[in-house]
Structure formats: C-alpha cells, structure tokens
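Overview (structure and organization)
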Amino acid sequence: RCEVLLPPDAVPGRPCLAETAGYAVAPADVFSCGVCAFMLLVGRAPWSVTRETDPTFSFVRRHGVKMLLRQWRLPGGLEEDLFLSNMLQADPVKRSSIEACLRSDWIADFVSWHFQPETM
C-alpha cells in the first residue's frame, strides 16, 4: 500500500506534487530479496500470499522462519536461518537494512569477493 501527502494548496482535478508516505522502498526491497533467497535455498516459496490469512505467512509471523524450516523438515544452518529471519521480518522497522544484509556472515565472503569496497 502506498499513500501520498498532498500539499495544502492542492486543487481537485489539477496536477500537483505529492510526497510519498507510508511506504519505505528499502525495507520492502529487503523483504522481497529475502523471499527470493528463501526460494533459492529451499526450492519453493515460503507462502502463497503475504497476508495474515495465508496460514504459512501467519505461522512465520508468529514462530519465525527457523520453525517453518523445522516444520518442513528441512536442514538449516544458523547463519542462513538468521539471514532469512532478519530479511523476512514482517515489521519493516525490525527488518535488517540492506547494509546489514551485505555484512551478514552468510554472504560476507561473496560480497567482498564480488564487490569493491567503494561500491557498498
């Protein structure tokens, strides 16, 4: 959901400049990348839809990614469990930043090998 703030002098039916509000791009991108990382690691999507009505999404919100992997009887390692859990945190305020993801122990070697420090 994306909301905008209209300027006080906005006139209905006329163009104006509005500010985006209620939607932060970076946390949404981290969440989306978390879903992609989950799919690459596990071979399937973590849930059907990102809504509380989806039983698997609701389960992950309540119990976390690590418990989902256990329920599905999939092996997991501490580093990738933590990486996915931080990226798939439902609350965007608690979700890892892009910078924190890039510093994750799980992908730090890959990032340092493929990217020069000045590009991060």
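Everything discussed here concerns the structure shown above.
This write-up is about the structure you can find in this document. (Residues numbered from 1 in each chain as written. Predicted model: local features only at pLDDT ≥ 70, side-chain atom pairs only at ≥ 80, totals over all residues. Heavy atoms only, no water.)

**A short note on the side chain of Asp 54**
Stated precisely, the cut-off is as follows: The secondary structure listing takes helices from DSSP runs of H or I that are at least 4 residues long and strands from runs of E that are at least 2 residues long, numbered from the N terminus. Two N or O atoms count as a polar contact when they lie within 3.5 Å, although within protein this holds only if one can serve as hydrogen donor and the other as acceptor, and sequence-adjacent residues are included solely when both atoms are side-chain atoms.
Following the sequence through the fold, Asp 54 ends up in the loop between α1 (25-42) and α2 (55-63). Reaching out from Asp 54, the side chain makes a polar contact with the backbone nitrogen of Thr 56 at a distance of 3.0 Å. In this structure the side chain of Asp 54 is engaged in a polar contact, spanning 3.0 Å, whose partner is the backbone nitrogen of Phe 57.

**Points about the layout of surface pockets**
Note the following rule: The definitions used throughout rest on a 1 Å grid laid over the protein atoms alone, on which a cavity is an enclosed set of points accommodating a 1.4 Å probe that cannot get out and a pocket is an open set flanked by protein within 12 Å on both sides along at least five of seven lines; lining residues are those having an atom within 4 Å of a point. Grid points are joined across faces, edges and corners, and a volume is the space filled by probe spheres set on the points. Residues were grouped as follows: Ala, Val, Leu, Ile, Met, Phe, Trp, Tyr, Cys and Pro as nonpolar; Asp, Glu, Lys and Arg as charged; and all remaining residues, including Gly, as polar.
Here the largest pocket defines a volume of roughly 280 Å³. Every residue lining the largest pocket is counted, 14 residues in all, and those nearest its centre are Cys 33, Phe 83, Met 87, Cys 101 and Ile 107. Considering every element that reaches the lining of the largest pocket, the biggest residue donor is α1, with seven residues. Tallied by class, the residues present in the lining of the largest pocket amount to 13 nonpolar, no polar and one charged.

**Some points on α2**
Filter applied, for reference: Each residue is assigned to one of three classes by its accessible area relative to the maximum for its type, calculated with a 1.4 Å probe on protein chains only: buried under 20%, partly exposed between the two thresholds, exposed over 50%. In what follows, residue pairs with any heavy atoms lying within 4.5 Å of each other are defined as contacts.
Turning to α2, its buried residues are Phe 57, Ser 58, Phe 59 and Val 60. Check the buried side of α2 and you find it contacts α1 and α3 (65-71). A side-chain oxygen of the first residue of α2 lies 3.0 Å from the backbone nitrogen of Thr 56; this N-cap is Asp 54. Where α2 ends, the next residue or the one after it, Gly 64, has phi of about 95°, a positive value.

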